[in-house]
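# Structure at a glance
Each chain is listed here by its residues.
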Amino acid sequence: MTEVDATPSDVPDVLASDLRVVFVGINPGRVSAAALAHFANPRNDFWRLLHAARLTSRLYEPQEQFALLEEGIGVTNAAYRTTPGSGDLRRGDFAGSAERLERIARDLKPKWLAFVGKEAYRGAFGSRPGLGVQEPTLGDTKLFVLPSTSPANAAVPWKERLGRFHELAGRASGLPLRDAVRAAVVAPDGRTLMLHYADAYDEWWIPPGGGVDPGETDEEALRRELREELDFEDFEIGPLLFESERWFLLEYGYGGQRNRVYLVRVPHFEARVVSEARDARWFTLEELGRERGRPWEYGELVSSASDW
(Lines give C-alpha, C1' and ligand atoms only; values in the text may rest on other atoms or scores of the structure.)
Protein backbone atom coordinates (compact mmCIF):
# COMPACT_ATOMS: atom_id res chain seq x y z
CA MET A 1 0.00 0.00 0.00
CA THR A 2 1.22 3.51 -0.80
CA GLU A 3 0.28 6.64 1.08
CA VAL A 4 -1.08 9.53 -0.99
CA ASP A 5 0.49 12.98 -1.16
CA ALA A 6 0.31 15.47 1.69
CA THR A 7 -2.87 17.56 1.95
CA PRO A 8 -3.47 21.25 2.71
CA SER A 9 -4.78 20.35 6.15
CA ASP A 10 -3.49 20.63 9.69
CA VAL A 11 -4.24 16.90 10.00
CA PRO A 12 -2.73 14.61 7.33
CA ASP A 13 -4.82 12.15 5.37
CA VAL A 14 -4.24 8.51 6.28
CA LEU A 15 -4.77 6.82 2.95
CA ALA A 16 -3.50 3.93 0.88
CA SER A 17 -4.79 1.65 -1.84
CA ASP A 18 -7.21 -1.25 -1.41
CA LEU A 19 -8.36 -0.43 2.13
CA ARG A 20 -11.40 -2.04 3.75
CA VAL A 21 -12.79 1.27 5.03
CA VAL A 22 -11.85 4.92 4.69
CA PHE A 23 -13.49 6.98 7.42
CA VAL A 24 -14.50 10.51 6.44
CA GLY A 25 -14.74 13.02 9.28
CA ILE A 26 -16.26 16.45 8.78
CA ASN A 27 -13.13 18.62 9.41
CA PRO A 28 -10.26 19.05 11.91
CA GLY A 29 -11.11 20.58 15.25
CA ARG A 30 -8.55 22.58 17.21
CA VAL A 31 -7.51 19.65 19.41
CA SER A 32 -6.88 17.46 16.36
CA ALA A 33 -5.02 20.24 14.59
CA ALA A 34 -2.73 20.73 17.59
CA ALA A 35 -2.09 16.98 17.80
CA LEU A 36 -1.76 16.58 14.00
CA ALA A 37 -4.06 13.58 14.41
CA HIS A 38 -7.64 12.69 13.57
CA PHE A 39 -10.29 12.56 16.32
CA ALA A 40 -7.71 13.60 18.94
CA ASN A 41 -10.16 15.05 21.45
CA PRO A 42 -10.00 12.55 24.35
CA ARG A 43 -13.79 12.82 24.69
CA ASN A 44 -14.32 11.74 21.10
CA ASP A 45 -15.46 8.09 20.93
CA PHE A 46 -14.02 7.30 17.48
CA TRP A 47 -10.99 5.23 18.53
CA ARG A 48 -12.90 3.34 21.22
CA LEU A 49 -15.69 2.55 18.77
CA LEU A 50 -13.22 1.16 16.22
CA HIS A 51 -11.96 -1.33 18.77
CA ALA A 52 -15.33 -2.07 20.37
CA ALA A 53 -16.74 -3.04 16.97
CA ARG A 54 -13.64 -5.14 16.21
CA LEU A 55 -12.70 -3.01 13.25
CA THR A 56 -9.24 -2.86 14.83
CA SER A 57 -7.38 -5.60 16.67
CA ARG A 58 -6.51 -3.30 19.58
CA LEU A 59 -7.29 0.16 20.92
CA TYR A 60 -5.20 2.76 19.07
CA GLU A 61 -4.22 6.24 20.17
CA PRO A 62 -4.73 9.15 17.73
CA GLN A 63 -0.96 9.55 17.35
CA GLU A 64 -0.83 5.98 15.99
CA GLN A 65 -3.18 6.83 13.13
CA PHE A 66 -0.87 5.64 10.34
CA ALA A 67 -0.77 2.18 11.95
CA LEU A 68 -4.42 1.89 10.91
CA LEU A 69 -3.24 1.22 7.36
CA GLU A 70 -2.04 -2.21 8.45
CA GLU A 71 -5.59 -2.88 9.67
CA GLY A 72 -6.98 -1.94 6.26
CA ILE A 73 -8.37 1.38 7.51
CA GLY A 74 -7.83 4.96 6.38
CA VAL A 75 -9.04 8.39 7.52
CA THR A 76 -9.69 11.70 5.77
CA ASN A 77 -12.02 14.69 6.16
CA ALA A 78 -14.78 16.16 4.03
CA ALA A 79 -13.41 19.68 4.69
CA TYR A 80 -9.80 20.54 5.41
CA ARG A 81 -10.08 23.87 7.27
CA THR A 82 -9.62 23.74 11.05
CA THR A 83 -12.46 25.34 13.04
CA PRO A 84 -13.48 25.48 16.72
CA GLY A 85 -16.53 23.39 15.82
CA SER A 86 -18.23 22.00 12.74
CA GLY A 87 -20.89 24.71 13.06
CA ASP A 88 -18.20 27.24 12.07
CA LEU A 89 -17.76 25.72 8.62
CA ARG A 90 -18.97 27.54 5.51
CA ARG A 91 -20.33 26.01 2.33
CA GLY A 92 -17.16 27.00 0.51
CA ASP A 93 -15.11 24.79 2.84
CA PHE A 94 -16.60 21.77 1.05
CA ALA A 95 -15.76 23.01 -2.45
CA GLY A 96 -14.25 20.10 -4.39
CA SER A 97 -14.95 17.61 -1.59
CA ALA A 98 -17.19 15.33 -3.66
CA GLU A 99 -14.69 15.29 -6.50
CA ARG A 100 -11.82 14.49 -4.12
CA LEU A 101 -13.74 11.59 -2.58
CA GLU A 102 -14.57 10.33 -6.06
CA ARG A 103 -10.84 10.38 -6.88
CA ILE A 104 -10.06 8.44 -3.70
CA ALA A 105 -12.66 5.85 -4.68
CA ARG A 106 -11.39 5.64 -8.27
CA ASP A 107 -7.64 5.67 -7.61
CA LEU A 108 -7.30 3.94 -4.23
CA LYS A 109 -10.34 1.63 -4.49
CA PRO A 110 -11.43 1.35 -0.84
CA LYS A 111 -14.32 -1.03 -0.38
CA TRP A 112 -16.22 1.47 1.80
CA LEU A 113 -16.26 5.18 2.56
CA ALA A 114 -17.76 5.62 6.04
CA PHE A 115 -18.86 9.16 6.94
CA VAL A 116 -18.52 9.95 10.64
CA GLY A 117 -21.68 12.00 11.00
CA LYS A 118 -24.47 12.98 8.65
CA GLU A 119 -23.01 16.46 8.18
CA ALA A 120 -19.79 15.08 6.70
CA TYR A 121 -21.85 13.37 3.99
CA ARG A 122 -24.11 16.37 3.45
CA GLY A 123 -21.15 18.73 3.26
CA ALA A 124 -19.57 16.64 0.51
CA PHE A 125 -22.63 15.73 -1.54
CA GLY A 126 -25.22 18.36 -0.63
CA SER A 127 -27.96 15.93 0.39
CA ARG A 128 -29.17 14.87 3.83
CA PRO A 129 -28.60 11.14 4.39
CA GLY A 130 -30.04 8.58 6.77
CA LEU A 131 -27.75 6.43 8.87
CA GLY A 132 -26.39 3.18 7.47
CA VAL A 133 -25.80 2.02 3.91
CA GLN A 134 -26.44 4.64 1.24
CA GLU A 135 -28.01 3.86 -2.12
CA PRO A 136 -25.45 5.81 -4.20
CA THR A 137 -21.97 4.38 -4.67
CA LEU A 138 -18.72 5.83 -6.00
CA GLY A 139 -17.92 3.21 -8.60
CA ASP A 140 -17.33 -0.01 -6.69
CA THR A 141 -16.94 1.84 -3.37
CA LYS A 142 -19.96 1.64 -1.09
CA LEU A 143 -21.00 4.49 1.20
CA PHE A 144 -22.05 4.25 4.86
CA VAL A 145 -23.12 6.98 7.28
CA LEU A 146 -22.35 6.66 11.00
CA PRO A 147 -23.48 8.85 13.89
CA SER A 148 -21.02 11.56 14.76
CA THR A 149 -18.57 10.43 17.45
CA SER A 150 -17.98 14.00 18.66
CA PRO A 151 -18.73 14.87 22.31
CA ALA A 152 -20.97 17.58 20.83
CA ASN A 153 -23.26 14.75 19.66
CA ALA A 154 -23.89 13.54 23.22
CA ALA A 155 -27.63 13.17 22.52
CA VAL A 156 -26.85 9.97 20.61
CA PRO A 157 -26.08 7.28 23.21
CA TRP A 158 -23.05 4.99 23.12
CA LYS A 159 -25.16 1.92 22.32
CA GLU A 160 -26.62 3.54 19.21
CA ARG A 161 -23.21 4.64 17.97
CA LEU A 162 -21.74 1.22 18.67
CA GLY A 163 -24.60 -0.53 16.89
CA ARG A 164 -23.83 1.36 13.68
CA PHE A 165 -20.10 0.68 13.98
CA HIS A 166 -20.92 -3.01 14.46
CA GLU A 167 -23.05 -2.97 11.34
CA LEU A 168 -20.26 -1.38 9.31
CA ALA A 169 -17.72 -3.88 10.66
CA GLY A 170 -19.88 -6.81 9.68
CA ARG A 171 -20.67 -5.49 6.23
CA ALA A 172 -17.09 -4.41 5.51
CA SER A 173 -15.71 -7.79 6.54
CA GLY A 174 -17.00 -9.42 3.38
CA LEU A 175 -17.91 -12.46 5.51
CA PRO A 176 -21.23 -14.31 5.14
CA LEU A 177 -24.12 -14.20 7.54
CA ARG A 178 -24.58 -17.21 9.79
CA ASP A 179 -28.00 -18.89 9.87
CA ALA A 180 -29.31 -18.79 13.42
CA VAL A 181 -32.49 -19.58 15.36
CA ARG A 182 -33.80 -17.85 18.46
CA ALA A 183 -36.67 -18.48 20.80
CA ALA A 184 -39.25 -16.00 22.00
CA VAL A 185 -39.72 -17.97 25.24
CA VAL A 186 -43.08 -16.73 26.56
CA ALA A 187 -44.56 -17.48 29.98
CA PRO A 188 -48.33 -17.60 30.66
CA ASP A 189 -48.24 -14.02 32.00
CA GLY A 190 -46.84 -12.74 28.66
CA ARG A 191 -43.30 -12.14 29.85
CA THR A 192 -40.43 -13.31 27.66
CA LEU A 193 -37.04 -14.68 28.66
CA MET A 194 -33.79 -12.92 27.71
CA LEU A 195 -30.14 -13.75 28.34
CA HIS A 196 -27.56 -11.20 29.48
CA TYR A 197 -24.15 -10.90 27.79
CA ALA A 198 -21.36 -8.35 28.13
CA ASP A 199 -17.90 -7.47 26.88
CA ALA A 200 -15.42 -4.72 27.77
CA TYR A 201 -17.45 -2.05 25.98
CA ASP A 202 -21.10 -2.98 26.26
CA GLU A 203 -23.77 -5.23 27.71
CA TRP A 204 -26.96 -6.50 26.14
CA TRP A 205 -29.93 -8.84 26.48
CA ILE A 206 -30.83 -11.28 23.74
CA PRO A 207 -33.35 -14.12 23.28
CA PRO A 208 -31.85 -17.59 23.76
CA GLY A 209 -30.64 -19.37 20.63
CA GLY A 210 -27.67 -19.51 18.29
CA GLY A 211 -26.23 -20.81 15.07
CA VAL A 212 -27.67 -23.68 13.06
CA ASP A 213 -25.02 -26.37 12.59
CA PRO A 214 -24.61 -28.09 9.19
CA GLY A 215 -27.30 -30.73 8.68
CA GLU A 216 -29.50 -29.46 11.52
CA THR A 217 -33.12 -28.45 11.14
CA ASP A 218 -34.29 -25.29 12.86
CA GLU A 219 -36.10 -27.37 15.49
CA GLU A 220 -33.03 -29.48 16.20
CA ALA A 221 -30.85 -26.38 16.52
CA LEU A 222 -33.33 -24.61 18.78
CA ARG A 223 -33.68 -27.61 21.09
CA ARG A 224 -29.91 -27.97 21.30
CA GLU A 225 -29.39 -24.27 22.04
CA LEU A 226 -32.04 -24.16 24.79
CA ARG A 227 -30.54 -27.27 26.36
CA GLU A 228 -27.00 -25.85 26.21
CA GLU A 229 -27.92 -22.36 27.41
CA LEU A 230 -30.66 -23.07 29.96
CA ASP A 231 -30.64 -26.84 30.55
CA PHE A 232 -34.25 -26.74 29.39
CA GLU A 233 -35.95 -29.42 27.27
CA ASP A 234 -39.66 -29.54 28.17
CA PHE A 235 -41.25 -27.28 25.56
CA GLU A 236 -43.02 -27.17 22.22
CA ILE A 237 -41.89 -25.00 19.35
CA GLY A 238 -44.58 -22.77 17.87
CA PRO A 239 -44.73 -20.79 14.64
CA LEU A 240 -42.00 -18.69 13.06
CA LEU A 241 -42.63 -15.13 14.28
CA PHE A 242 -40.21 -13.16 12.10
CA GLU A 243 -36.79 -13.14 10.45
CA SER A 244 -34.10 -10.50 10.71
CA GLU A 245 -30.52 -9.81 9.69
CA ARG A 246 -27.83 -8.43 11.97
CA TRP A 247 -24.32 -7.41 10.92
CA PHE A 248 -21.52 -7.60 13.52
CA LEU A 249 -18.20 -9.33 14.17
CA LEU A 250 -18.83 -11.57 17.16
CA GLU A 251 -18.59 -15.06 15.69
CA TYR A 252 -15.38 -16.18 13.99
CA GLY A 253 -15.79 -16.50 10.22
CA TYR A 254 -19.10 -14.61 10.03
CA GLY A 255 -20.09 -11.00 9.44
CA GLY A 256 -23.37 -11.32 11.30
CA GLN A 257 -26.45 -13.48 11.64
CA ARG A 258 -29.66 -14.22 9.80
CA ASN A 259 -32.07 -14.92 12.66
CA ARG A 260 -35.30 -16.90 12.52
CA VAL A 261 -37.30 -16.32 15.69
CA TYR A 262 -39.82 -18.93 16.84
CA LEU A 263 -42.48 -18.80 19.52
CA VAL A 264 -41.86 -21.15 22.46
CA ARG A 265 -44.61 -21.20 25.11
CA VAL A 266 -43.62 -22.53 28.52
CA PRO A 267 -44.87 -22.62 32.09
CA HIS A 268 -43.00 -20.09 34.18
CA PHE A 269 -39.72 -21.52 35.45
CA GLU A 270 -36.63 -20.22 37.19
CA ALA A 271 -34.05 -19.97 34.43
CA ARG A 272 -30.70 -21.57 35.22
CA VAL A 273 -27.95 -20.26 32.95
CA VAL A 274 -25.44 -22.97 32.04
CA SER A 275 -23.68 -21.19 29.13
CA GLU A 276 -21.41 -18.16 28.83
CA ALA A 277 -24.40 -15.87 29.42
CA ARG A 278 -24.11 -13.86 32.64
CA ASP A 279 -27.76 -13.97 33.64
CA ALA A 280 -31.32 -14.73 32.55
CA ARG A 281 -34.36 -12.59 33.22
CA TRP A 282 -38.08 -12.46 32.40
CA PHE A 283 -39.08 -9.16 30.72
CA THR A 284 -42.51 -7.61 30.31
CA LEU A 285 -43.28 -6.04 26.94
CA GLU A 286 -43.07 -2.60 28.53
CA GLU A 287 -39.59 -3.35 29.84
CA LEU A 288 -38.49 -4.69 26.45
CA GLY A 289 -39.77 -1.54 24.79
CA ARG A 290 -37.40 0.51 26.97
CA GLU A 291 -34.36 -1.66 26.30
CA ARG A 292 -31.75 -0.80 23.70
CA GLY A 293 -29.07 -3.40 23.12
CA ARG A 294 -26.59 -4.86 20.72
CA PRO A 295 -26.81 -6.82 18.47
CA TRP A 296 -30.55 -7.34 19.07
CA GLU A 297 -33.27 -4.82 18.20
CA TYR A 298 -36.12 -5.36 20.66
CA GLY A 299 -38.72 -3.56 18.58
CA GLU A 300 -39.24 -6.59 16.34
CA LEU A 301 -39.79 -8.83 19.33
CA VAL A 302 -42.31 -6.42 20.88
CA SER A 303 -44.16 -5.97 17.58
CA SER A 304 -44.51 -9.76 17.24
CA ALA A 305 -46.38 -9.98 20.57
CA SER A 306 -49.77 -9.96 18.82
CA ASP A 307 -48.85 -13.40 17.44
CA TRP A 308 -48.09 -14.83 20.90
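This write-up is about the structure you can find in this document. (Residues numbered from 1 in each chain as written. Predicted model: local features only at pLDDT ≥ 70, side-chain atom pairs only at ≥ 80, totals over all residues. Heavy atoms only, no water.)

## A look at the overall build of the protein chain
Within the protein chain one finds eight helices and twelve strands. Its C-alpha atoms put the protein chain at 65 × 40 × 30 Å along the principal axes. Residue pairs at least 24 apart in sequence account for 68% of intrachain contacts in the protein chain once pairs closer than 6 positions are excluded. When the accessible surface of the protein chain is totalled, it reaches about 14400 Å², and 47% of it is carbon and sulfur. Looking at charge distribution, the protein chain has the averaged site of its 38 positive side-chain charges lying 6 Å from that of its 49 negative ones. (Helix = DSSP H or I, 4+ residues; strand = E, 2+ residues; numbered from the N terminus. Contact = heavy atoms within 4.5 Å. Areas by Shrake-Rupley, 256 points an atom, 1.4 Å probe, with all protein chains shown as cover. Lys, Arg positive; Asp, Glu negative; His and termini not counted. Charge placed at Lys NZ, Arg CZ, Asp CG, Glu CD.)

## Structural notes on the packing of aromatic side chains
Under the defined criterion, the tally for this structure stands at 14 aromatic pairs. Ring centres of W112 and F144 lie 6.2 Å apart, and the angle between their planes is 70°; on these two criteria the pair is classed as edge-to-face. In this pair, W112 is assigned in strand 3 (residues 112-116) and F144 in strand 5 (residues 141-146), connecting sequence segments 32 residues apart. Just as W112 is buried, F144 falls in that class too. Seen in terms of ring centroids, F115 and Y121 are 5.2 Å apart; in terms of plane orientation they differ by 75°. Their pairing is edge-to-face. By relative accessible area, F115 is classed as buried at 0%. Taken together, the ring pairs connect F23, F39, F46, W47 and F165 into an aromatic cluster. The residue whose ring lies beneath R223 is F235, and the NZ or CZ to ring-centre distance is 4.7 Å. (Phe/Tyr/Trp six-rings, centres within 6.5 Å; stacked < 30°, edge-to-face > 60°. Buried < 20%, exposed > 50% of the residue type's maximum accessible area, 1.4 Å probe, protein only. Lys NZ or Arg CZ within 6 Å of the ring centre and 35° of its normal.)

## Let's talk about helix 5 (residues 158-173)
Its 16 residues give helix 5 an end-to-end C-alpha distance of 22 Å, which sits within 8% of 22 Å, the value for a rise of 1.5 Å per residue. Residues of helix 5 that are buried: R161, L162, F165, H166, E167, L168, A169, G170 and A172. As for helix 5, its buried residues are in contact with strand 1 (21-25), helix 2 (46-52), strand 3, strand 4 (132-138), strand 5 and strand 10 (236-247). Positioned one or two residues after helix 5, G174 has a phi angle of 75°, which is positive. (Expected span 1.5 Å × (residues − 1).)

## Describing the nonpolar core
One finds F23, F115, F165 and L168 to be the most contacted residues of the largest nonpolar core, which totals 49 residues. Listed by contribution, the elements that provide at least two residues to this core are strand 1, helix 2, strand 2 (73-77), helix 3 (97-108), strand 3, helix 4 (118-125), strand 5 and helix 5. Each residue touching F165, except ones within four places of it in the same chain, is listed here: F23, F46, L49, L50, A53, L55, L146 and T149. Of all hydrophobic cores here, the second largest spans 23 residues; its members include A187, L222, V266 and A277. (Core = buried A, V, L, I, M, F, W, Y, C linked by side-chain atoms within 4.5 Å.)

## Quick word on the layout of surface pockets
Here the largest pocket is characterised by a volume of approximately 730 Å³. Around the largest pocket, the lining comprises 35 residues; the ones closest to its centre are I26, N44, S86, S148 and S150. Looking at the lining of the largest pocket, the elements with two or more residues in it are helix 1 (30-35) and helix 4. Taken together, the residues of the lining of the largest pocket break down into 15 nonpolar, 16 polar and four charged. (1 Å grid on protein atoms, 1.4 Å probe; cavity = no way out; pocket = protein on both sides within 12 Å on 5 of 7 lines; lining within 4 Å. Points joined across faces, edges and corners; volume = space filled by probe spheres on them. Nonpolar A, V, L, I, M, F, W, Y, C, P; charged D, E, K, R; others polar.)

## Observations regarding helix 6 (residues 218-230)
For helix 6, built from 13 residues, the straight-helix expectation of 18 Å at 1.5 Å per residue is met to within 8% by its first-to-last C-alpha distance of 18 Å. Along helix 6, the residues classified as buried are D218, A221, L222, R224, E225, L226, E229 and L230. One or two residues past the end of helix 6 sits D231, with phi positive at roughly 55°.

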